[in-house]
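Fold and contact review
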Amino acid sequence: DAKTTQPTSMDCAEGRAANLPCNHSTISGNEYVYWYRQIHSQGPQYIIHGLKNNETNEMASLIITEDRKSSTLILPHATLRDTAVYYCIVRVGMNTDKLIFGTGTRLQVFP
Amino acid sequence: KAGVTQTPRYLIKTRGQQVTLSCSPISGHRSVSWYQQTPGQGLQFLFEYFSETQRNKGNFPGRFSGRQFSNSRSEMNVSTLELGDSALYLCASRMAFLGDTQYFGPGTRLTVL
């Protein structure tokens, strides 16, 4: 199973862009990268996912390197409510529920 | 559309007892999975159900079991509770087509005394 590596914690000023990196050097060609976040022991919230192209939705942007060994989640204008643990996950097969969560990045947004 | 619901939200049990947790998926979702979250082990996959059949199972002892009903609702059961079973138990559902996304419920906080 492809593993992900993320920094343990990051800080970001409110209103600034938060850039959260993730390494997934053993990812296979057909495996997607997913991002979830968890706010204070609530259920994880889906943010975005991608395969090889950059993706954007109303919450965030996902930039995947050309070799697919790393990616960056971008929150364009961080708010205090974005303070959470962010998980980068490589999904094990596209027709299974099994997500392997790492330790995630604790993002602290400060005023 | 309502999200994934889990009941109860909080539960306190004593060692040796058993517990049943319930999960109602998002309407139209056919696949349900369960996860355990503890401070020491983080989020770990328990099992996955589709069409009332278990399709995948994580590395947990046989005391952990589950089932899915014809309306896609799911229950998980933990027998002979141990202190280490204290955790947040999360349920997630998805529609079950290739490439879709899982959506998580708020979880059930189980405390074993």
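The written sequence of each chain sets the order in which its residues are numbered from 1. Each chain gets a letter, beginning with A, and each ligand a number, beginning with 1, in the order they are written. Residue-level local features of this predicted model are given only where pLDDT is at least 70; pairs of side-chain atoms are given and counted only at 80 or more, and the full residue set underlies all totals for whole chains, interfaces and linings. Side-chain metrics in this entry use all non-hydrogen atoms of the structure; hydrogen atoms and water are not considered.

Remarks on the packing of aromatic side chains
- In this analysis, rings of Phe, Tyr and Trp, with Trp reduced to its six-membered ring, are considered paired at centre separations within 6.5 Å, and the interplanar angle assigns stacked below 30 degrees, edge-to-face beyond 60, and tilted for intermediate values. Taken as a whole, this structure holds 13 aromatic pairs over all chains when the rule is applied.
- With a centroid separation of 6.5 Å and an interplanar angle of 15 degrees, the aromatic rings of Y34 of chain A and Y36 of chain A are classed as stacked.
- For the exposure calls, accessible area comes from a 1.4 Å probe over protein chains only, and a residue counts as buried if that area is under 20% of its type's maximum, exposed if over 50%, partly exposed in between. For Y34 of chain A, a relative accessible area of 1% translates into the label buried.
- For Y36 of chain A, a relative accessible area of 0% corresponds to the buried category.
- Each residue in the set Y34, Y36, Y46, Y87 and F101 of chain A together with Y35, F45, Y103 and F104 of chain B is aromatic and connected to the rest through ring pairs, giving one cluster.

Here's the deal with the side chain of Q102 of chain B
- The secondary structure listing takes helices from DSSP runs of H or I that are at least 4 residues long and strands from runs of E that are at least 2 residues long, numbered from the N terminus. Relative to the helices and strands, Q102 of chain B is located in the loop between β9 (87–94) and β10 (103–104).
- N or O atoms closer than or at 3.5 Å make up a polar contact, with two conditions inside protein: a donor-capable atom paired with an acceptor-capable one, and, for residues adjacent in sequence, both atoms drawn from side chains. A polar contact is formed between the side chain of Q102 of chain B and the side chain of S33 of chain B, at a distance of 3.0 Å.
- Any two residues whose heavy atoms approach within 4.5 Å are treated as being in contact. Q102 of chain B has contacts with Y36, Y46, D97, K98 and L99 of chain A together with S33, Y35, A92, S93 and R94 of chain B, leaving out every residue within four places of it along the chain.

Observations regarding the interface of chain B and chain A
- Facing 25 residues of chain B, the contacting portion of chain A comprises 18 residues.
- Across the chain B to chain A interface the summed buried area is about 1,700 Å²; carbon plus sulfur atoms make up 48%.
- Accessible area, probed at 1.4 Å, shrinks when two parts are joined; the buried area is that loss added up over both. Looking only at chain B, the three residues that lose the most surface to chain A are L43, Q102 and F104 of chain B, adding up to 29% of its buried area.
- Here a salt bridge means any side-chain nitrogen of Lys or Arg lying within 4 Å of a carboxyl oxygen belonging to Asp or Glu. Summed over the shared surface of chain B and chain A, the result is zero salt bridges.
- Between the two partners, chain B and chain A, sit three residue pairs in polar contact (both at pLDDT 80 or more).
- Those elements that provide at least two residues to the side of chain B that touches chain A are β4 (31–38), β5 (42–50), β6 (53–57), β9 and β10 of chain B.

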